[in-house]
Amino acid sequence: MSEKSMRERMLAGEPYISDDPVLAEESQRAQGLAHRINTMDPNDASGRGALLEELLGGFGEHSEVRPPLHCDYGYQTTIGARTFVNWGVTFLDVAAITIGDDVQIGPNVQLLTATHPLEPQPRRDKWEAAEPITIGDNVWLGGGVIVCPGVSIGADTVVGAGSVVTRDLPAGVVAVGAPARVLREL
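A. Layout of the overall build of the protein chain. Regarding its fold elements, the protein chain presents 4 helices and 20 strands. Relative to the globule expectation of 16 Å for 186 residues, the C-alpha radius of gyration of the protein chain, 17 Å, shows essentially globular dimensions. With 186 residues in all, the protein chain has 43% of them scored as buried. Within the protein chain, counting contacts between residues at least 6 apart in sequence, those at least 24 apart form 26% of the total. Summing over all exposed atoms, the protein chain offers an accessible surface of approximately 9,500 Å²; the carbon and sulfur share of this is 52%. If the 14 positive side-chain charges of the protein chain are averaged to one point and the 25 negative ones to another, these points end up 6 Å apart.

This is how it looks when you write it as C-alpha cells:
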C-alpha cells in the first residue's frame, strides 16, 4: 500500500506539507488564471466569466467577481447563482469554500481555510492543514470581513464590516465584531 501524496492528504483534510509537485503546478495554474482575470479589460464581463468558470470549482449563473481576486487553487471554491463578490477578495481555498446563491460579499473580504500547528516544531517543519468554509444563501458579508477556518454562516445572515468570524453563525442574524457576535435576529 503506497503512502498518500501531500495533495491527497490536503484534499482529505489531513495535515500535509505543500511541497507536492502537483500542488505547486495547481497553485501556479490558479495564480496564472487569477492574473489574467485581474489584468483583463474591466468591460469584458463574458471573458472574465469564462475564466472564472475555468478557475473555480463552480461558478453560478449571473454571478460576478470583481477583480482583483486571489486564491490558492480555485477548484476548491464554488460560488452559487446570482452572487456578487466585490473587489479584493481572497479565497485561501486549501479546503473547500462553498458560497451559496444570492450572496453579497463586500470589498477586501478574506475566506481563510488554512490552519497551522500551534506547536513550534511542526510549524517550523511546514506542516499545515485546512478546514472548509460554508456561506449560506443570501448572506451579506460587509467590507473587510474575515472568515476563519471551519466556519459555517447560515442563510440570510448579515456580517458587519470589519468583523472576524471565528465560529459558526446561525441563519437569519446580524453579527458584528472581532470576534463576531450575534447582535440580533432578523
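Further notes follow.
B. Focus on helix α2 (residues 21–39). Its 19 residues give α2 an end-to-end C-alpha distance of 27 Å, which sits within 8% of 27 Å, the value for a rise of 1.5 Å per residue. L23, E26, S27, A30, L33, A34 and I37 are the residues of α2 that are buried. Angularly, the buried residues of α2 cover 130° about the axis, an arc narrow enough to put them on a single face. Within α2, the exposed residues directed more than 90 degrees away from the buried face are P21, E25, Q28 and T39. Taken together, the buried residues of α2 touch α1 (6–11), β1 (16–17), α3 (45–55) and β4 (69–71). Between the side-chain oxygen at the start of α2 and the backbone nitrogen of V22 there is a gap of 2.7 Å, and the oxygen is on D20.

C. Fine view of the packing of aromatic side chains. As enumerated under the stated definition, the model contains 1 aromatic pair in all. When the ring of Y73 is compared with that of Y75, the centres are 5.9 Å apart and the planes differ by 45°; the resulting orientation is tilted. Of the residues examined, Y75 reaches a relative accessible area of 26% and is grouped as partly exposed. Cation over ring: R66 sits above W87, and NZ or CZ is 4.6 Å from the ring centre.

D. Structural view of the sheet that holds strand β11 (residues 114–115). One open sheet accounts for 3 strands, arranged β1-β12-β11; its pairing is antiparallel. In this open sheet, the two edge strands, each paired with only one partner strand, are β1 and β11. Pairing of β1 with strand β12 (residues 127–130), which is carried by 2 bridges, proceeds in the antiparallel orientation. Within the sheet, the bridge partner assigned to Y16 lies in β12 and is E128.

E. Structural detail: the pairing of strand β20 (residues 181–185). Taken across its 5 residues, β20 has 0 buried, putting it largely on the surface. In the sheet, strand β19 (residues 173–176) pairs with β20 via 4 bridges, with the strands oriented antiparallel. Within β20, the residue paired with A175 across the bridge is V182.

F. The arrangement of the side chain of E26 in detail. Along the polypeptide, E26 turns up in helix α2. We classify E26 as buried; its relative accessible area is 17%. Ignoring sequence-local partners within four residues, the contact set of E26 consists of R7, D72, Y73 and Y75.

G. Here's a closer look at the nonpolar core. Core analysis: the biggest nonpolar cluster contains 37 residues, and L69, I99, L111, L141, V147, I153 and V165 have the highest contact counts within it. Mapped by element, the contributors of at least two residues to this core are α2, α3, β4, β7 (89–92), β8 (97–99) and β13 (133–135). At 4 residues, α2 tops the list of elements feeding residues into this core. Those residues within four positions of V165 in sequence are excluded, and the remaining contacts are V145, I146, V147, C148, V151, I153, V159 and A180. The next biggest cluster of nonpolar side chains, apart from the first, holds 7 residues, and it includes Y16, Y73, V94 and A130.

H. Quick look at the sheet that holds strand β5 (residues 77–79). Taken together, 5 strands build an open sheet; the order of strands is β2-β5-β8-β13-β16 and the sheet is parallel. In the strand order of this sheet, the two ends are held by β2 (58–59) and β16 (152–153), each with one partner.

Calculation criteria
- Residues numbered from 1 in each chain as written.
- Predicted model: local features only at pLDDT ≥ 70, side-chain atom pairs only at ≥ 80, totals over all residues.
- Heavy atoms only, no water.
- Helix = DSSP H or I, 4+ residues; strand = E, 2+ residues; numbered from the N terminus.
- Rg over C-alpha atoms; globule rule 2.2 N^0.38 Å.
- Buried < 20%, exposed > 50% of the residue type's maximum accessible area, 1.4 Å probe, protein only.
- Contact = heavy atoms within 4.5 Å.
- Areas by Shrake-Rupley, 256 points an atom, 1.4 Å probe, with all protein chains shown as cover.
- Lys, Arg positive; Asp, Glu negative; His and termini not counted.
- Charge placed at Lys NZ, Arg CZ, Asp CG, Glu CD.
- Expected span 1.5 Å × (residues − 1).
- Arc of directions from axis to C-beta.
- Polar contact = N/O pair within 3.5 Å; in protein donor to acceptor, adjacent residues only side chain to side chain.
- Phe/Tyr/Trp six-rings, centres within 6.5 Å; stacked < 30°, edge-to-face > 60°.
- Lys NZ or Arg CZ within 6 Å of the ring centre and 35° of its normal.
- Pairing = 2+ DSSP bridges.
- Core = buried A, V, L, I, M, F, W, Y, C linked by side-chain atoms within 4.5 Å.

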